[in-house]
Amino acid sequence: MRDSTRAIHQQQHTYQDEHHGAVNTPVYLTSTYVQKSPGVYDIYDYSRTANPTRTALQQTLAGLEGAKHALVFSSGMGAIQTVMSLFDNHTHILCIDDLYGGTHRLFEQVLKKFGMRFSYVDLSDAKDVETAIVPETRAIWIESPTNPLLKITDIKRIAEIAKKHDILTIVDNTFATPFFQKPLGLGADIVVHSLTKYVNGHSDVVAGAVMVDEDRLFERLQFLQNAVGAIPGPFDCFLIHRGIKTFPLRMKKHEENASRIATYLERHKNVKRVIYPGLGSHPGHAVARRQMSGFSGMISFEIQGNLEDARTMLERLKLFKLAESLGGVMSLADHPATMTHSAIPRAEREKRGISDTLIRLSVGIEDAEDLLDDLDQALRPRNA
Ligand code: P1T
């Protein structure tokens, strides 16, 4: 089955309603299940451990990611925290030097307290990666494209280095989505997602996922999912599963619109630089072409001027809603320095290139002409 078919049909393969012939997996609003005898039951005993609505979603996600196993969580951060619970307190994690602000906050302000160490390097140079690996390194943490600077990492090459050192490659695939990129096929060991974004796609659920191929790793993560307990409710699972039916269709439109808008911005005189992996000017364009089947719907750009110019432009937008998050059908605009990445100290933020004039767009699936009109009126000079 191809992705567009799988998005619609997978759940009938996972769940067959023998009583009523329902075409969708019902919402099993139950916290517990009757046992035949103490400790004797078929599959389900308690809904933190497993729930049929969740199981059906997990199997569809595994199918889309090309993974053997998937687990879903109450948020992307819940998924990431659970993955980090695989490691002990002496662990060092080597990370790409541009990460979602919340992931950086979890690493620096929570996990460091328990003795874990993190370093941040530009993964584009293999030499830098090799020298940054220390005896305590247990994993390399990649986002590709990154949030918010859309840096591209050659996942296959990093996974080869990681294997040589017997450490895990973990990829946060939220921005690319399984529709455009399948990191397990490139050698990664673990893929994480914020399902809140493109996969659910309607800005009405917060959830996350972890996908793996290896059985032993899956068993350890399944144990941790139950032990930590960051699980989504059945209704959220139902909504995500419903969203997935149009996921491939939506991704094509997100990309088509983003590509037009990136080209428009690149020509605009009030725009200093545009970052979109689909543009020939992006330093990671060749790698992105190789490892992705499309460039997704996120664009970052710097406008001419200062913080006030950025603020004015963002306040003028009408269709693009000024809001955190991304990946929904509705276009959103974000100011990373004061919104999604404000938890990163200013000096570090600026060193990485998250300036006061950086704007991040999550391009939705509206008519591209309307989105271009909105950007056009917002980008006029501040006193015009
Ligand atoms: O919000 P949550 O579902 O917990 O997902 C966290 C997360 C993980 N990984 C990436 C790459 C992310 O972008 C996010 C969440 N990001 C935003 C809310 C944002 O606006 O960037």
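This one's a predicted model, so the numbers in the text were calculated from it and none came from an experiment.

Criteria and thresholds
Residues numbered from 1 in each chain as written. Predicted model: local features only at pLDDT ≥ 70, side-chain atom pairs only at ≥ 80, totals over all residues. Heavy atoms only, no water. Helix = DSSP H or I, 4+ residues; strand = E, 2+ residues; numbered from the N terminus. Buried < 20%, exposed > 50% of the residue type's maximum accessible area, 1.4 Å probe, protein only. Contact = heavy atoms within 4.5 Å. Areas by Shrake-Rupley, 256 points an atom, 1.4 Å probe, with all protein chains shown as cover. Lys, Arg positive; Asp, Glu negative; His and termini not counted. Charge placed at Lys NZ, Arg CZ, Asp CG, Glu CD. Pairing = 2+ DSSP bridges. Axes fitted to C-alpha atoms, helices over the stretch in contact; angles between N-to-C directions. Near = heavy atom within 4 Å. Polar contact = N/O pair within 3.5 Å; in protein donor to acceptor, adjacent residues only side chain to side chain. Domains from an automatic or database assignment. Buried area = accessible area lost by both parts, 1.4 Å probe. Salt bridge = Lys/Arg side-chain N within 4 Å of Asp/Glu carboxyl O. Phe/Tyr/Trp six-rings, centres within 6.5 Å; stacked < 30°, edge-to-face > 60°.

Caption draft 1: Broad picture of the overall build of the protein chain. Along the backbone of the protein chain there are 14 helices and twelve strands. For the protein chain, the residues scored as buried account for 56% of the 384 residues in total. Relative to all contacts within the protein chain whose residues are 6 or more apart in sequence, the contacts with residues 24 or more apart total 72%. Of the roughly 16,600 Å² that the protein chain leaves accessible, carbon and sulfur atoms contribute 52%. Looking at charge distribution, the protein chain has the averaged site of its 44 positive side-chain charges lying 1 Å from that of its 46 negative ones.

Caption draft 2: Geometry of the sheet that holds strand S10 (residues 321-322). If you walk across this open sheet you meet the five strands as S8-S9-S12-S11-S10, and the pairing is mixed. Every other strand in the sheet has two partners, leaving strand S8 (271-275) and S10 as the edge strands with one partner each. Both S8 and strand S9 (residues 298-303) contribute to a ladder of four bridges, which runs antiparallel. When the sheet's bridge partners are listed, isoleucine 275 is paired in S9 with serine 300. Across the face of the sheet, helix H10 (residues 247-267) comes into contact with S8, S9 and strand S12 (358-362) while running at roughly 15 degrees to S9.

Caption draft 3: Summary view of the site of the ligand. In the vicinity of the ligand, 20 residues are found, and the nearest of them are Asp172, Ser194, Thr196, Ser325 and Arg360. Here an oxygen atom of the ligand sits 3.5 Å away from a polar atom, N or O, in the side chain of lysine 197. The protein chains hide 93% of the 480 Å² of surface that the ligand would expose on its own. The dominant element in the shell around the ligand, judged by the number of residues it contributes, is helix H3 (residues 76-84), at three residues. For the shell around the ligand, the two domains that each supply at least three residues are domain 1 (3-244) and domain 2 (247-378).

Caption draft 4: Representation of helix H9 (residues 234-244) in the model. Three or more residues of H9 are buried, namely Pro234, Cys237, Leu239, Ile240, His241, Gly243 and Ile244. Contacts made by the buried residues of H9 are with helix H1 (3-14), helix H2 (52-65), strand S1 (69-73) and H10.

Caption draft 5: Structural view of the environment of arginine 346. Residue position: arginine 346 is located in helix H13 (residues 346-352). For arginine 346, a relative accessible area of 44% translates into the label partly exposed.

Caption draft 6: Quick peek at the domain arrangement of the protein chain. For the protein chain, the assigned domains are domain 1 (3-244) and domain 2 (247-378). The C-alpha-based centres of domain 1 and domain 2 are spaced at 25 Å. Listed per partner, the contact involves 42 residues of domain 1 and 43 residues of domain 2. Of the roughly 3,300 Å² buried between domain 1 and domain 2, counting both surfaces, carbon and sulfur atoms make up 63%. Taken as a group, Leu149, Phe180 and Tyr198 account for 24% of the area that domain 1 buries against domain 2, more than any other trio of residues on that side. Linking domain 1 with domain 2 are one salt bridge.

Caption draft 7: View of the packing of aromatic side chains. Counted according to the given criterion, the structure contains seven aromatic pairs. Ring centres of phenylalanine 107 and tryptophan 141 lie 5.4 Å apart, and the angle between their planes is 85 degrees; on these two criteria the pair is classed as edge-to-face. Remark: tryptophan 141 occurs in strand S4 (residues 137-143) and phenylalanine 107 occurs in helix H4 (residues 101-110); sequence separation between them is 34 residues. Phenylalanine 107 gets classed as buried once you look at its relative accessible area, which sits at 0%. With centroids separated by 6.1 Å and ring planes inclined at 20 degrees, the aromatic side chains of phenylalanine 235 and phenylalanine 238 adopt a geometry described as stacked. Of this pair, phenylalanine 235 and phenylalanine 238 both sit in helix H9, three residues apart, which is roughly one turn of the helix.

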